[in-house]
Structures are given as C-alpha cells and as structure tokens.
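Structural characterization, general
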Amino acid sequence: MFFDLLKHRAPRRSGTANQPGQGEGFAVLVGLAIALPLVGLTAPRAIAQTTPSACSQPALSRLTRHRVAQGETLTAIAQRYSLLPATIMGLNPAVQGGTVSPGQELLIPPFNGIRVSVPPGRTWQQVAQTYNSRPDVLFEVNGCVSTVPATIFLPGVNWFPGVSATAATTASPATPLQGYPLPQRSQVIVNYGWQPDPDQGKLVFNTGVALASSASTPALAVGAGTVAFAGTDATYGNLVVINHAQGLQTRYANLAALNVRAGQTVRQGDRLGAIATPEGDDDSFLFFEVRLNSTAGWVAQDPQDYVPTMVLR
C-alpha cells in the first residue's frame, strides 16, 4: 500500500509539537503508530488490504457473441454458458420478452450481472452503495481503473423489467470539510482505493491520496476542528491529525516543520505545516486521508465523498 511509498519518500524530521507516546492519554499503536487522545475515541486500526491476484480484463471487454440456432431457447442458451436467462435478457433488449429467434446474435457476458451506465464524477464507492455491492469487487471486475467508466458491468445483480440501469447521482451529504488541503488544486499522484502496484505485482489498498505539490507549500486544514496529533510518525513522517464534527478525521502527512500542536483548535484554511523536501529525484507531495470514527476504529474513506472541493476522478 502507499504507506510503503511514504517510508521511502517521506523524510524523518523532528516535528515542533508533541511526539507519539509523550504525555498522558496517548498510546503508540503498532502498524500505523499514530498517537491519538483515547478519551471518547475508538483506537484507530490500519486499513491494509491486498489480494494476490492481478486484475483481468474488464468484464465488458470479454463479451462473446452467440448466434441463435434453430430450435434453441433462451433457457437452453443460458444453461450452455452457466448464466441466468435474465442476464442475457439484460444485455440484449431484443429478447427481453423471453423468446429468441433463429439467426439472432446475442451478447454473452463471462458471468451473471447487468450493464450499468454511470454519470460522470461517480466513484466506485458511490456506485457500490447504489446497488448494495462492494467497491473493491466493482473495481476488479471492471479492470482496476481509478476513473469509473461511463459503462460498467455490475456482477451479482439480476436484470428484471424496471431495474435501473443507471447509477443515479445522489446529493452529497452536508460535511464540515469544505476546504482543500493545498492552496490550489493539485495532480493526484496516487489515488484512494484498490490500485495495481507494478512493483509488488498485486493490488494494494491506498488509504488516502498523494497530491503533487512543490516543497515548502503549506498544507491547509480542510475544515474546523481540534488537532489530535502533531509530530513525527514512523510511517507517515511528520504528521498532523485533526478531529472534526460528524465523527470525521483528516490526516496530513509528509510534512517538514509543523505549525500546530496537539490540542489546538484550527479553522478551515489554517496552515498546518509545509510539504517536506523530497529525497533524490522523487516528487514532493502531500499525503491526505479522511477517516470516519466507527466501531471498527478510524476507518479510511474516499476523500472525494467528504471533501466536495476535491475532484479526484
């Protein structure tokens, strides 16, 4: 995951605020080693997930064609390909009445599911929520691309008359995170979520985004809150963690000197610290996370779902 990249690229400079483990009410956690006030909070856990298999080609690029022979029925064709008749009906509007005719050419998917149109700007998580699916499954089935294509294949959903074939655009919930973590919009070097890692030859789950920006550029608070931690972390380098309303938390990593201290109240746009100077030929960047407090701890979220100013894909 991207934490490994931070280990190689983020300098280990001493911060100007509290160090992890110093002071009453802090605990160093194995893995992320992030120190947070324990009062009223659930201890954070690392979100580090990998899968040993590489992504295959997108399901919609693996459609085959079947020409209906004399005497064939829709049910027989579905059985031949180990599919439900509804799956074939969903991909072939001409046979949605349940009957086929000799000579008709049908599109056959590799497995059951439906084809769905996705409005621009949707994320895998948002599409998954619409259809009660899993974003990592959709990501893999559709070729492991960060940008959600205009048309995707949704496995495990059966077609029926009236099923929505468009992932509806839903209004974003009100969020206290209305700012942007840098003075201006920036290129995303590494995106949130499941991503192919050529160096490891497998998929890794990135818990945040890396935003390209020149060294010494200030990192800015995306919303008002209280600094829960400001100091040096073994994984993140110099790190600022801010707790916000609605159980949200933001993290700003790969910083040089810090401008805030633990316990300090900040407003949207306040300077937290400057981006660290990179080592060697590496690009300078800010690593930014959004996390949500839950019974499972501080769980990483897609920043685009909570920070409206971020257009990541």
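Residues numbered from 1 in each chain as written. Predicted model: local features only at pLDDT ≥ 70, side-chain atom pairs only at ≥ 80, totals over all residues. Heavy atoms only, no water.

Section: the overall build of the protein chain
Test applied: For the purposes of this entry, the term helix denotes a DSSP run of H or I that reaches at least four residues, the term strand denotes a run of E that reaches at least two, and both are numbered from the N terminus. Think of it in three bands: with a 1.4 Å probe and only protein chains considered, a residue is buried below 20% of the maximum accessible area for its type, exposed above 50%, and partly exposed in between. Here a residue-residue contact requires only that any non-hydrogen atoms of the pair lie within 4.5 Å. Every accessible area reported is derived by Shrake-Rupley at a probe size of 1.4 Å, with residue values counting cover from the shown protein chains alone.
Each helix and strand in the protein chain was counted, giving five helices and 17 strands. Evaluated residue by residue, the protein chain yields a buried proportion of 48% over its 313 residues. Of all intrachain contacts in the protein chain linking residues separated by at least 6 positions in sequence, the fraction that spans at least 24 positions is 68%. Put simply, the protein chain shows about 14300 Å² of open surface, and 51% of that area lies on carbon and sulfur atoms.

Here we look at the side chain of Arg 291
By the element assignment, Arg 291 lies in strand S16 (residues 285–294). The class of Arg 291 is buried, set by a relative accessible area of 0%.

Concerning the nonpolar core
Heads up, the condition is: What is meant by a nonpolar core is a set of buried Ala, Val, Leu, Ile, Met, Phe, Trp, Tyr and Cys residues, joined one to another through side-chain atoms within 4.5 Å.
Counting residues in hydrophobic clusters, the biggest one holds 59 residues, and the most contacted among them are Val 240 and Tyr 252. If you look at the next biggest cluster of nonpolar residues, it comprises 10 residues, including Ala 210, Ala 228, Val 241 and Ala 253.

Quick word on the environment of Ser 82
In this structure, Ser 82 sits in the loop between helix H2 (74–80) and helix H3 (85–91). Judged by relative accessible area, which is 62%, Ser 82 ranks as exposed. Residues Ser 82 and Pro 110, 28 residues apart in the sequence, show an inter-C-alpha distance of 9.1 Å.

Overview of the environment of Arg 80
Here Arg 80 is to be found in helix H2. What makes Arg 80 exposed here is its relative accessible area of 57%. Here Arg 80 is in contact with His 66 and Glu 72, once residues within four sequence places are set aside.

Let's talk about unusual backbone geometry
Most peptide bonds take the trans configuration, and most residues that are not glycine carry a negative phi. A positive phi angle, close to 80°, is found at Ser 216, a residue other than glycine. Tracing the chain through its elements places Ser 216 in the loop between strand S9 (209–212) and strand S10 (218–220). A positive phi is found at Gln 246, a non-glycine position, where the angle reads about 65°. Mapped onto the elements of the fold, Gln 246 is located in the loop between strand S12 (237–243) and strand S13 (248–258).

Re the pairing of S9
Convention followed: The pairing criterion is simple: DSSP has to find at least two bridges between the two strands.
Of the pairings in the sheet, the one linking strand S6 (residues 188–190) to S9 comprises two bridges and is antiparallel in character. Across the sheet, Val 190 pairs through a bridge with Ala 210, a residue of S9. Across four bridges, the pairing between S9 and S16 is antiparallel. In the sheet register, Ala 210 faces S16, and the bridge partner there is Phe 287.

Observations concerning the confidence of the model for the protein chain
What counts here: Confidence of the predictor in every single residue is expressed as pLDDT, which spans 0 to 100.
Overall, the predicted model of the protein chain reaches an average pLDDT of 79, with 80% of residues at or above 70. Overall, residues 1–53 carries pLDDT values under 50, and its contacts beyond four positions in sequence, including any with other chains, amount to 151 contacts.

Some details on the pattern of salt bridges
The criterion, for reference: In what follows, salt bridge is the name for a side-chain nitrogen of Lys or Arg lying within 4 Å of a carboxyl oxygen of Asp or Glu.
Counted under the stated rule, the structure contains seven salt bridges. Glu 289 is paired through a salt bridge with Arg 251; the nearest N and O atoms lie 3.9 Å apart. With Glu 289 in strand S16 and Arg 251 in strand S13, this pair connects stretches of sequence that are 38 residues apart. A relative accessible area of 1% means that Arg 251 is categorised as buried.

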